[in-house]
Amino acid sequence: MASAHELEALAIDIAREAAELAHRRRTEGVAIAATKSSIADIVTEADREVEDLIRGRLAAERPDDGFLGEESGAESGASGITWVVDPIDGTVNYAYGIPAYAVSIAAVRGEPVPDRWEGLAGAVCNPVSGELFHASAGGGAWLGDERLAVNEPVSAAGALLGTGFGYDPATHAGDLARVARVMPLARDLRRIGAASLDLCFVAAGRLDGYFERGLNPWDHAAGALLVTEAGGRFARAELTDDPGRPLFVAAGPTLFGGLFAAAVGS
Ligand code: LIP
């Protein structure tokens, strides 16, 4: 059985190679290959090509593991470990050439279901900046060789918060109402457009907290481990108006409770 540190090393190596491909394709020009759930929910040929690279490398290195990817779906494995992959998180940023997107690769143990899996390792690489965030269970959270820690303590009304909005316009009124509830805690908001980077920024102390509803498993699988290994808290809440669209919150321990309560609302 591979250790979490060995899985982390593999995730780092593959994330670097995948990030190089994503960046090369971006410089060559990106075409939207398809629109998925809405006009904002797009996929490019690069998304598909990068996921194929990641899936192929993992199949070669760890053929008994499972896979759950944004573009090519799920395949169960025999090892009890599943790789949860977003080949290009921040796809809209990628398509527009905004330098805030990332390759996100995580290894989890147990059922490949977010509230039932155990995060073992993760790597998130921004191909433009070259920054590679990584973590392993019990091994800490890192940016390259720099150990990361969440901002702590963070006083209420002074937090720099990240958030995002779902692709479905019908959800925007609720998202904006959530922003209004949370604003009394915030010095300002940032909408970066890639959940994996939002979560890594919480781990790195670049954001004090983050909240967003409707993330997919591959958006948060690696970043959530970065947050908890950096001393932060990460949780999901199923809300009564649409249990299938959970809310995710991440922050340091002193900010988390108030942020979670405001984000969940009445
Ligand atoms: C994106 C997330 C982002 C969210 C977007 C989208 P994708 O993932 O990273 O936080 O606000 O709506 O879900 O689709 O670029 O992989």
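Residues numbered from 1 in each chain as written. Predicted model: local features only at pLDDT ≥ 70, side-chain atom pairs only at ≥ 80, totals over all residues. Heavy atoms only, no water.

(A) Inspection of the pattern of salt bridges at higher detail. Per the stated rule, a full pass over the model turns up 18 salt bridges. Residue Arg-57 is joined to Asp-13 by a salt bridge in which the shortest nitrogen-to-oxygen separation is 2.6 Å. One end of the pair, Arg-57, is in helix H2 (residues 45–61); the other, Asp-13, is in helix H1 (residues 4–28), with 44 residues separating them in the sequence. Look at Asp-13 and you get partly exposed, because its relative accessible area is 39%. Among the salt bridges present, the one from Arg-213 reaches Asp-241, with a minimum N-O distance of 2.6 Å. With Arg-213 in strand E13 (residues 209–213) and Asp-241 in the loop between strand E14 (233–237) and strand E15 (247–251), this pair connects stretches of sequence that are 28 residues apart. Within the structure, one salt-bridge network assembled from shared partners comprises Asp-13, Glu-17, Arg-57 and Glu-61. (Salt bridge = Lys/Arg side-chain N within 4 Å of Asp/Glu carboxyl O. Helix = DSSP H or I, 4+ residues; strand = E, 2+ residues; numbered from the N terminus. Buried < 20%, exposed > 50% of the residue type's maximum accessible area, 1.4 Å probe, protein only.)

(B) Examining the packing of aromatic side chains more closely. By the definition in use, this model includes 4 aromatic pairs. On the basis of an interplanar angle of 25° and a centroid distance of 5.9 Å, the ring pair of Phe-234 and Phe-248 is categorised as stacked. Note that Phe-234 is positioned in strand E14 and Phe-248 in strand E15, a separation of 14 residues in sequence. (Phe/Tyr/Trp six-rings, centres within 6.5 Å; stacked < 30°, edge-to-face > 60°.)

(C) Local environment of the site of the ligand. Around the ligand sit 16 residues in total, of which Asp-89, Thr-91, Tyr-167, Ala-195 and Glu-212 are the nearest. Glu-70 is positioned with one of its side-chain polar atoms (N or O) 3.1 Å from an oxygen atom of the ligand. At a separation of 2.8 Å, an oxygen atom of the ligand approaches a polar side-chain atom of Arg-191. Relative to its unbound accessible surface of 380 Å², the ligand loses 95% to contact with the protein. Of all elements in the fold, only strand E5 (81–89) and E13 reach the threshold of two or more residues within the shell around the ligand. Per-element tally for the shell around the ligand: the top contributor is E5, with 3 residues. A breakdown of the residues in the shell around the ligand according to their chemical character gives 6 nonpolar, 4 polar and 6 charged. Viewed by domain, the shell around the ligand spans two of them, domain 1 (4–147) and domain 2 (159–264), each represented by three or more residues. (Near = heavy atom within 4 Å. Polar contact = N/O pair within 3.5 Å; in protein donor to acceptor, adjacent residues only side chain to side chain. Areas by Shrake-Rupley, 256 points an atom, 1.4 Å probe, with all protein chains shown as cover. Nonpolar A, V, L, I, M, F, W, Y, C, P; charged D, E, K, R; others polar. Domains from an automatic or database assignment.)

(D) Inspection of the side chain of Asp-65 at higher detail. Relative to the helices and strands, Asp-65 resides in the loop between H2 and strand E3 (66–69). Within polar-contact distance, the side chain of Asp-65 engages the side chain of Ser-79 at 2.5 Å. Side chain to side chain, Asp-65 and Trp-83 meet in a polar contact 2.8 Å long. Setting aside residues no more than four positions away along its own chain, Asp-65 makes contact with Gly-77, Ser-79, Ile-81 and Trp-83. (Contact = heavy atoms within 4.5 Å.)

(E) Quick look at the sheet that holds strand E11 (residues 159–163). Judged by pairing direction, the sheet is mixed, and its 5 strands sit side by side in the order E12-E11-E13-E15-E14 without closing on themselves. One side of each edge strand has no neighbouring strand; the edge strands of this open sheet are strand E12 (186–190) and E14. Sheet twist, expressed as the average angle between the axes of neighbouring strands with direction ignored, equals 20°. Docked against the sheet, helix H4 (residues 172–182) engages E11, E12, E13 and E15, running at close to 155° with respect to E13. Contacting E11, E13, E14 and E15, helix H5 (residues 195–204) runs over the sheet at an angle of about 155° to E13. (Pairing = 2+ DSSP bridges. Axes fitted to C-alpha atoms, helices over the stretch in contact; angles between N-to-C directions.)

(F) Region of interest: the pairing of E3. Of the two faces of E3, both are covered, the one formed by Gly-66 and Leu-68 as well as the one formed by Phe-67 and Gly-69. With 4 bridges joining them, E3 and E5 adopt parallel strand pairing. In the strand pairing of E5, Phe-67 is matched with Trp-83. Two strands pair when backbone bridges link them, and E3 and strand E4 (residues 73–75) are joined in this way by 3 bridges, in the antiparallel orientation. Following the sheet pairing, Gly-69 is matched in E4 by Gly-73.

(G) Region of interest: the domain arrangement of the protein. As assigned here, the protein comprises domain 1 (4–147) and domain 2 (159–264). Using only C-alpha atoms to locate each centre, domain 1 and domain 2 end up separated by 20 Å. Facing 42 residues of domain 1, the contacting portion of domain 2 comprises 24 residues. For Asp-115, the salt bridge identified is with Arg-236, shortest N-O distance 3.4 Å. Linking domain 1 with domain 2 are 8 residue pairs in polar contact (both at pLDDT 80 or more). Only E3, E5, helix H3 (91–96), strand E6 (102–109), strand E7 (118–125), strand E8 (132–136) and strand E9 (140–143) provide two or more residues apiece to the side of domain 1 that touches domain 2.

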